[in-house]
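Residues per chain, in single letters:
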Amino acid sequence: MATRGQVGTTTRGGEVTIPVGDAGLPADVLVPAGATGVVLFAHGSGSSRRSPRNRAVAGVLNERALGTVLVDLLTPEEDRVDARTAELRFDIGLLADRLAAIVDWMGVEPTLARLPVGLFGASTGAAAALVAAAARPERVRAVVSRGGRPDLAGRALPRVAAPTLLLVGGLDEQVITLNEQAMAELGEAGELRVVPGATHLFEEPGTLEQVAEAAADWFATHLRPPA
């Protein structure tokens, strides 16, 4: 693994390159002192690991002693292609396979291996996160979706065992309907919460903060290291 920056057991961050098949995916990893879990972020369509919304949520998780891994799921070359065609951002299978591979990498990376894993997905990234959670039930212990499209996870939804929190803006009516439909497939694993007054991107004052706090509470509850 090519690494720039050292990640340790004290509060420390670094940029790393995660090997996934023939690709090397850049990621920002931060593990606070005494971390009780680690959350892998799956950004939405057309976004990246530098998404200000995901970084804001990651900051709140770090304050709650949760490690974070923000990663670009496409290589720079793929990203250039996607900028023209917008096809790869909706390739849920590709994105989910890469998330699952990153979860496997986290399981052998010394600083992260002992920590239970959560997935935080936004928009189409939420669908990829749910497919990856279904593929790695022994590793993924919790999932949070922000304005997500869990319906795009398709047949993987009934196989998701991890407790899953679906957060949707109260003004995002179409996405609320899609999340309600996904809840029927998730069954007891799922919980849907609507953030009043929020649109799809949670740009309204105070709404993203509500998402961050809800996510932090969810992961703090469900991500517990082995005794």
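Structural data are supplied above this passage.
The model shown is predicted, which means the values in this text are computed figures rather than measured ones.

Q: So what's going on with the overall build of the chain? Which residues, and what values?
A: Looking only at helices and strands, the chain features six helices and nine strands. Its C-alpha radius of gyration of 16 Å places the chain within 12% of the 17 Å reference for a compact globule of 227 residues. Overall, the C-alpha framework of the chain stretches about 45 × 45 × 35 Å when taken along its three principal axes. In the chain, buried positions account for 52% of the 227 residues. Here the chain contributes 21 positively and 27 negatively charged side chains, and the mean placements of these two sets differ by 6 Å.

Q: Residues and numbers for the packing of helix 3 (residues 92-108) against helix 4 (residues 124-135), please.
A: At a closest axis distance of 8 Å, the pairing of helix 3 and helix 4 adopts a crossing angle of 55°. When the axes of helix 3 and helix 4 are compared, the pair comes out oblique. Crossing angle aside, the handedness with which helix 3 passes helix 4 is right-handed. Listed contacts from helix 4 to Ile-92, Leu-95, Ala-96, Leu-99 and Ala-100 of helix 3 are Thr-124, Ala-127, Ala-128, Ala-129, Val-131 and Ala-132. Partitioned by chemical class, the residues of the contact of helix 3 with helix 4 number 10 nonpolar, one polar and no charged.

Q: If you had to explain the nonpolar core to someone new, which residues and values would you point to?
A: With 46 residues, the main nonpolar core has Ile-18, Leu-40, Val-69, Ile-102, Met-106 and Leu-119 as its most contacted residues. Ranked by residue count, the leading element in this core is helix 3, at eight residues. Beyond its immediate stretch of four places on either side in the chain, Met-106 contacts Val-38, Leu-40, Val-69, Leu-112, Ala-113, Val-117 and Arg-139.

Q: Go over the pairing of strand 5 (residues 66-71) with me, naming the residues and quoting the values.
A: Here strand 5 lies mainly inside the structure; six of its six residues are buried. Of the two faces of strand 5, the one carrying Leu-66, Thr-68 and Leu-70 and the one carrying Gly-67, Val-69 and Val-71 are both buried. Pairing of strand 3 (residues 23-31) with strand 5, which is carried by four bridges, proceeds in the antiparallel orientation. Along strand 5, the bridge assignment pairs Val-29 with Val-69.

Q: I'd like a rundown of the packing of aromatic side chains, residues and numbers included.
A: Enumeration according to the criterion identifies one aromatic pair in this entry. The interplanar angle of 40° and the centroid separation of 5.0 Å between the aromatic rings of Phe-41 and Phe-120 together place this pair among those described as tilted. In this pair, Phe-41 sits in strand 4 (residues 37-42) while Phe-120 sits in strand 6 (residues 117-122), placing the two residues 79 residues apart along the sequence. Taking relative accessible area as the criterion, Phe-41 reaches 2% and is therefore assigned buried. A residue is classified by how much of its surface remains accessible, and Phe-120, at 0% relative accessible area, is buried.

Q: Report on the environment of Gln-174, specifying residues and quantitative values.
A: Counting through the fold element by element, Gln-174 comes out in helix 5 (residues 173-186). Residue classification places Gln-174 among the exposed positions, given a relative accessible area of 62%. Spatially, the C-alpha atoms of Gln-174 and Ala-184 are 16 Å apart, while their sequence positions differ by 10 residues.

Q: So what's going on with the packing of helix 1 (residues 52-63) against helix 6 (residues 207-222)? Which residues, and what values?
A: Viewed as axis vectors pointing N to C, helix 1 and helix 6 meet at an angle of 45°, and their least axial separation amounts to 9 Å. One element, helix 1, and the other, helix 6, form an angle in the oblique class. The handedness of the crossing between helix 1 and helix 6 comes out as right-handed. From helix 1, Arg-53, Ala-56, Val-57, Val-60 and Leu-61 reach across to helix 6, where they touch Leu-208, Val-211, Ala-212, Glu-213, Ala-215, Ala-216 and Phe-219. Counted by class, the contact of helix 1 with helix 6 contains 10 nonpolar, no polar and two charged residues.

Q: So what's going on with unusual backbone geometry? Which residues, and what values?
A: The backbone of Ala-65 sits at a positive phi, close to 65°, despite the residue not being glycine. Within the secondary structure, Ala-65 is located in the loop between helix 1 and strand 5. Residue class for Ala-65 comes out partly exposed when judged on its relative accessible area of 23%. Non-glycine residue Phe-202 carries a positive phi angle of around 55°. Checked against the element boundaries, Phe-202 lands in the loop between strand 9 (190-195) and helix 6.

Definitions and limits used
Residues numbered from 1 in each chain as written. Predicted model: local features only at pLDDT ≥ 70, side-chain atom pairs only at ≥ 80, totals over all residues. Heavy atoms only, no water. Helix = DSSP H or I, 4+ residues; strand = E, 2+ residues; numbered from the N terminus. Rg over C-alpha atoms; globule rule 2.2 N^0.38 Å. Buried < 20%, exposed > 50% of the residue type's maximum accessible area, 1.4 Å probe, protein only. Lys, Arg positive; Asp, Glu negative; His and termini not counted. Charge placed at Lys NZ, Arg CZ, Asp CG, Glu CD. Axes fitted to C-alpha atoms, helices over the stretch in contact; angles between N-to-C directions. Parallel < 35°, antiparallel > 145°, perpendicular 65-115°, else oblique. Left-handed = near helix turned anticlockwise from the far one by under 90°. Contact = heavy atoms within 4.5 Å. Nonpolar A, V, L, I, M, F, W, Y, C, P; charged D, E, K, R; others polar. Core = buried A, V, L, I, M, F, W, Y, C linked by side-chain atoms within 4.5 Å. Pairing = 2+ DSSP bridges. Phe/Tyr/Trp six-rings, centres within 6.5 Å; stacked < 30°, edge-to-face > 60°.

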